[in-house]
Amino acid sequence: MQDLTRFQNPRFAQAYERMSAESERRGAAGHRRRLLAGLAGRVLEVGAGNGLNFAHYPAAVREVVAVEPEDRLRGLAGRAAAGAPVPVTVVAGHAADLRFADASFDAVVLSLVLCSVPDQRAVLGEVSRVLRPGGEVRFYEHVRSSRAAGALVQDLVTPLWRRMAGGCRLNRDTERAMADSGLVVEERERFAFRPLPLSPRLPHILGRARKPA
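Residues numbered from 1 in each chain as written. Predicted model: local features only at pLDDT ≥ 70, side-chain atom pairs only at ≥ 80, totals over all residues. Heavy atoms only, no water.

A. Fine view of the overall build of the protein chain. What the protein chain contains, in helices and strands, is five helices and seven strands. Against the globule reference of 17 Å for 213 residues, the protein chain gives a C-alpha radius of gyration of 16 Å, in line with a compact fold. Along the three orthogonal principal directions, the C-alpha set of the protein chain runs to about 40 × 35 × 35 Å. Within the span of the protein chain, comprising 213 residues, buried residues form 49% of the whole. Put simply, the protein chain shows about 10300 Å² of open surface, and 53% of that area lies on carbon and sulfur atoms. With 32 positive and 23 negative side-chain charges, the protein chain shows a spacing of 4 Å between the two charge centroids. (Helix = DSSP H or I, 4+ residues; strand = E, 2+ residues; numbered from the N terminus. Rg over C-alpha atoms; globule rule 2.2 N^0.38 Å. Buried < 20%, exposed > 50% of the residue type's maximum accessible area, 1.4 Å probe, protein only. Areas by Shrake-Rupley, 256 points an atom, 1.4 Å probe, with all protein chains shown as cover. Lys, Arg positive; Asp, Glu negative; His and termini not counted. Charge placed at Lys NZ, Arg CZ, Asp CG, Glu CD.)

And the structure:
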């Protein structure tokens, strides 16, 4: 059994429950629908949080296995799974040590998680391992700004932001990290989104990548 002690952050999890509900109303729900449209087969969702993706999985998905390390969020995800339109199993675990067989999933979903994992390279290595050849990764993440001034501000703010926001880093170049891992980014859209009324407009990417066959 994995030791998930270092991933417990009940205060942030409680705040995230409120903040994510507001973000959904401001447009994140639509981003999630686009993220998951057209998926089929057996899907692994890494860092499922409180399960807000579950309602948007299409009927062609045979099964979703959702991994979440934080106890409070995992409990909320379990409740969301009960009302999902497809079978969802929520399990304890963390992204850098996925306890699944090689090539056992048709797709992997990464949704607002790669900003906070300790080691993106390790996580993406695990994602590639459990994904079948030719399988796809769907991603929806906030990322480093493509503008030099914006990226500099992110670099300055990230140390404080990280302490306040459950380990989240504003300045990660997630698209490059995926390409460096061997995944082929086939489609991606960049856009600015303000998830909360008083938050800045954060650069996001939404798209898909594929593991070479």
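B. Molecular detail of the sheet that holds strand S6 (residues 184-193). Strand order in the open sheet made by the seven strands is S3-S2-S1-S4-S5-S7-S6, with mixed pairing throughout. Pairing within the sheet leaves two strands with one partner each, and these edge strands are strand S3 (88-92) and S6. The average undirected angle you get between the axes of adjacent strands in this sheet is 15 degrees. As defined by bridge partners, strand S4 (residues 105-111) adjoins strand S5 (residues 131-142) across six bridges and the pair is classed as parallel. (Pairing = 2+ DSSP bridges. Axes fitted to C-alpha atoms, helices over the stretch in contact; angles between N-to-C directions.)

C. Structural view of the packing of aromatic side chains. The final tally for this structure, using the stated rule, is two aromatic pairs. A ring pair is formed by phenylalanine 12 and tyrosine 16, whose centres lie 5.9 Å apart and whose planes are at 35 degrees; its orientation type is tilted. A residue pair is termed a helical-turn pair when its members lie 3 or 4 positions apart in one helix, as phenylalanine 12 and tyrosine 16 do in helix H1 (residues 10-36) at four residues. Looking at phenylalanine 12, the relative accessible area reads 21%, which means it is partly exposed. Summarising the aromatic geometry, the rings of phenylalanine 100 and phenylalanine 105 are spaced 5.3 Å apart at their centres and angled 90 degrees between planes, so their arrangement reads as edge-to-face. You can call phenylalanine 105 buried: its relative accessible area is 1%. Directly above the aromatic system of phenylalanine 191 lies the positively charged group of arginine 34, at a separation of 5.9 Å from the ring centroid. (Phe/Tyr/Trp six-rings, centres within 6.5 Å; stacked < 30°, edge-to-face > 60°. Lys NZ or Arg CZ within 6 Å of the ring centre and 35° of its normal.)

D. Structural view of the layout of surface pockets. Put simply, the second largest pocket is a space of about 340 Å³. In terms of lining residues, the second largest pocket is bounded by 15 residues, among which Ser145, Arg147, Gln154, Arg201 and Pro203 are the most central. For the lining of the second largest pocket, the secondary-structure elements that each account for two or more residues are helix H4 (148-164), S6 and strand S7 (202-210). Looking at the lining of the second largest pocket residue by residue, the classes come out as eight nonpolar, four polar and three charged. (1 Å grid on protein atoms, 1.4 Å probe; cavity = no way out; pocket = protein on both sides within 12 Å on 5 of 7 lines; lining within 4 Å. Points joined across faces, edges and corners; volume = space filled by probe spheres on them. Nonpolar A, V, L, I, M, F, W, Y, C, P; charged D, E, K, R; others polar.)

E. Summary view of the side chain of histidine 94. Along the chain, histidine 94 falls in the loop between S3 and S4. The exposure class assigned to histidine 94 is buried, which follows from its relative accessible area of 10%. Ignoring sequence-local partners within four residues, the contact set of histidine 94 consists of Gln2, Leu4, Arg6, Phe7, Val67 and Pro69. (Contact = heavy atoms within 4.5 Å.)

F. Fine view of a nonpolar patch on the surface. A surface patch of nonpolar side chains, about 380 Å² in accessible area, is lined by Leu152, Val153, Leu156 and Val157. Its location among the elements puts valine 157 in helix H4. Valine 157 gets classed as partly exposed once you look at its relative accessible area, which sits at 35%. (Patch = residues over 30% accessible without salt bridge, like charges linked within 9 Å, V, L, I, M, F, W, Y side chains within 5 Å. Salt bridge = Lys/Arg side-chain N within 4 Å of Asp/Glu carboxyl O.)

G. Examining the pairing of strand S2 (residues 61-68) more closely. Burial analysis of S2 places six of its eight residues in the buried class, the great majority of the element. In the sheet, strand S1 (residues 41-46) pairs with S2 via six bridges, with the strands oriented parallel. For leucine 44, the partnering residue across the bridge sits in S2 and is valine 65. Alignment of S2 against S3, held across five bridges, turns out to be parallel. Residue pairing for S3: alanine 66 is matched across the bridge by valine 90.

H. Region of interest: the pattern of salt bridges. Using the criterion set out here, one finds 17 salt bridges in the structure. Arginine 72 is the partner of glutamate 17 in a salt bridge, and the nearest nitrogen-oxygen pair spans 2.9 Å. With glutamate 17 in helix H1 and arginine 72 in helix H2 (residues 71-82), the pair connects residues that are 55 residues apart, well separated along the chain. Residue classification places glutamate 17 among the partly exposed residues on the basis of a relative accessible area of 29%. For arginine 72, a relative accessible area of 36% translates into the label partly exposed. For glutamate 126, the salt bridge goes to arginine 129, with nearest N and O atoms at 2.8 Å.

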